Amino acid sequence: MFFPFIQTCKNTSDQCYAVIREFNICLLCDMPSTAVICSVCQQDMLWHSDEQVQSEILEQLWVHPRLSHLKCDTLICLDKYRYPLTYLIPLIKFHDRADLSIWLADRWYEQRFALVDTLPDALISVPLHPKRLRHRGFNQAALIADRLSTLSSIPHLAHAAKRRKATKRQSELQQAHREANLTDAFTVDHLALIGLKHIALVDEVVNTGATMNALCQAIQKVAPHLYIDVWCLWLAELLPRFN
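Asks: Provide a residue-level description of the sheet that holds strand 6 (residues 227–235), including the pertinent values.
Replies: Taking strand neighbours across the sheet as the criterion, the four strands line up as 1-6-5-2 in an open arrangement whose pairing is parallel. One side of each edge strand has no neighbouring strand; the edge strands of this open sheet are strand 1 (74–80) and strand 2 (122–125). On average, each strand axis in the sheet is tilted by 20° relative to the strand beside it, whichever way the strands run. Bridge analysis of strand 2 against strand 5 (residues 198–206) gives four bridges, and the strand direction is parallel. Across the sheet, Ile-124 pairs through a bridge with Leu-201, a residue of strand 5. Helix 5 (residues 99–112) contacts strand 1 and strand 6 of the sheet and is inclined by roughly 115° relative to strand 1. Against the sheet, helix 9 (residues 210–222) contacts strand 5 and strand 6, and its axis sits at roughly 160° relative to strand 5.

Listed below in structure tokens is the structure:
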């Protein structure tokens, strides 16, 4: 469901967070609500069982051949790709609902931050190529990282990584071609990483792991000593066609 009377937000996470306050009905059940998702619907969400969901996610990583090769040291994910993410994510991508990225970042912080054993020195969001950024108007990974930075007081190094290659959409490619599509796609400012020992890469999704691995490899070339976490909203075995 799309609410055209709600002002869209394509700038900072603080502006997006202000936008969601304008709702007066729940986005999921259409009942009166002062929050984007009412308290009743929030209680029904399956990601509340922190350890169980995280255990299921790690089990999926271990047994799924397309995910077992992830080059990060730790992955913490809000949930698998299921309702309500199956409803909210298309709104973000297709209807300029960047504010929902901020709402989901809040849920990640509430439900998953306690699972972080050691806090990273900095957050780095997965960058978009400038061409795609201009087309979409916002980078949801950067918005998520901005919000998590505000909540956790961990700095977000928004310009530490850049996407220099305008790659084809990963969802348009077969698995065998995805890694080749991302070869040399990222550059990393090694000066931004000086003095850091531990970082967390922030993105909305980990699917086959090709994008995250390409960014990890670019970082490891200039800073092989870094311990790398991945913080994401959802994990999918098969990427939805709208990615």
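Asks: Which residues make up helix 5, and what are the values?
Replies: Because an α-helix completes one turn every 3.6 residues, residues spaced three or four positions apart along the sequence face the same direction. The terminal C-alpha atoms of helix 5 lie 20 Å apart, and with 14 residues this matches the ideal 20 Å at 1.5 Å per residue to within 8%. Those residues of helix 5 that sit buried are Asp-99, Leu-100, Ser-101, Ile-102, Trp-103, Leu-104, Ala-105, Asp-106, Arg-107, Trp-108, Gln-111 and Arg-112.

Asks: Just give me the short version of helix 7 (residues 140–152), but keep the residues and values in it.
Replies: With 13 residues, helix 7 extends 18 Å from end C-alpha to end C-alpha; this agrees with the ideal 18 Å at 1.5 Å per step. The element helix 7 is largely enclosed, with a buried count of 10 among its 13 residues. Where helix 7 begins, the capping side chain belongs to Asn-139, and its oxygen is found 3.1 Å from the backbone nitrogen of Ala-141. Backbone geometry just after helix 7 places Ser-153 at a positive phi near 65°.

Asks: Quick rundown of the packing of aromatic side chains? Include the residues and the values.
Replies: Scanning all chains against the criterion turns up four aromatic pairs. Taken together, the aromatic side chains of Trp-108, Tyr-109, Phe-113 and Trp-231 make up a single cluster linked through ring pairs.

Asks: Tell me what's going on with the pattern of salt bridges, and back it up with residues and numbers.
Replies: A side chain with one charge can pair with a side chain of the opposite charge if their charged atoms come near. Applying the stated rule across the entire model yields five salt bridges. Across the salt bridge formed by Asp-79 and Arg-82, the nearest N and O atoms sit 2.8 Å from each other. Taking the relative accessible area as the measure of exposure, Asp-79 reaches 1% and is therefore buried. A salt bridge links Arg-107 to Glu-110; the nearest nitrogen and oxygen atoms lie 2.7 Å apart. Of this pair, Arg-107 and Glu-110 both sit in helix 5, three residues apart, roughly one helical turn. Since its relative accessible area comes to 48%, Glu-110 is described here as partly exposed.

Asks: Just give me the short version of the pairing of strand 1, but keep the residues and values in it.
Replies: Of all seven residues in strand 1, five are buried, a share of seventy percent or more. Sheet topology note: the strand 1/strand 6 ladder contains six bridges and is parallel. Bridging across to strand 6, Lys-80 finds its partner in Leu-235.

Asks: Describe the confidence of the model for the chain, naming the residues involved and giving the relevant values.
Replies: On average, the chain scores 80 in pLDDT, and the residues at 70 or more come to 71%. Considering each helix and strand of the chain separately, the mean pLDDT is smallest for helix 1 (residues 13–20), with a value of 50, and largest for strand 2, with 98. In this model residues 1–8 is a low-confidence stretch, pLDDT under 50, and it forms 17 contacts with partners more than four residues away in sequence or in other chains. A low-confidence stretch, residues 17–21 (pLDDT under 50), is modelled with 10 contacts involving residues beyond four sequence positions or located in other chains.

Asks: Just give me the short version of unusual backbone geometry, but keep the residues and values in it.
Replies: Here the residue pair Tyr-83 and Pro-84 is connected by a cis peptide bond, since its omega of 5° sits within 30 degrees of zero. In this fold, Pro-84 is placed in the loop between strand 1 and helix 4 (85–94). Non-glycine residue Asp-30 carries a positive phi angle of around 65°. When its relative accessible area of 37% is taken as the criterion, Asp-30 is described as partly exposed. Backbone geometry at Asp-96 places phi at a positive 55°, although glycine is not the residue there.

Asks: I'd like a rundown of the nonpolar core, residues and numbers included.
Replies: Of all hydrophobic cores here, the largest spans 39 residues; its most connected members are Ile-37, Leu-88, Trp-103, Leu-104, Trp-108, Leu-148 and Trp-231. If you list the elements that add at least two residues to this core, you get strand 1, helix 4, helix 5, helix 7, strand 5 and strand 6. Among the elements that take part in this core, helix 5 stands out by supplying six residues, more than any other.

What counts as what
- Residues numbered from 1 in each chain as written.
- Predicted model: local features only at pLDDT ≥ 70, side-chain atom pairs only at ≥ 80, totals over all residues.
- Heavy atoms only, no water.
- Pairing = 2+ DSSP bridges.
- Helix = DSSP H or I, 4+ residues; strand = E, 2+ residues; numbered from the N terminus.
- Axes fitted to C-alpha atoms, helices over the stretch in contact; angles between N-to-C directions.
- Contact = heavy atoms within 4.5 Å.
- Expected span 1.5 Å × (residues − 1).
- Buried < 20%, exposed > 50% of the residue type's maximum accessible area, 1.4 Å probe, protein only.
- Polar contact = N/O pair within 3.5 Å; in protein donor to acceptor, adjacent residues only side chain to side chain.
- Phe/Tyr/Trp six-rings, centres within 6.5 Å; stacked < 30°, edge-to-face > 60°.
- Salt bridge = Lys/Arg side-chain N within 4 Å of Asp/Glu carboxyl O.
- pLDDT = per-residue confidence, 0-100.
- Core = buried A, V, L, I, M, F, W, Y, C linked by side-chain atoms within 4.5 Å.

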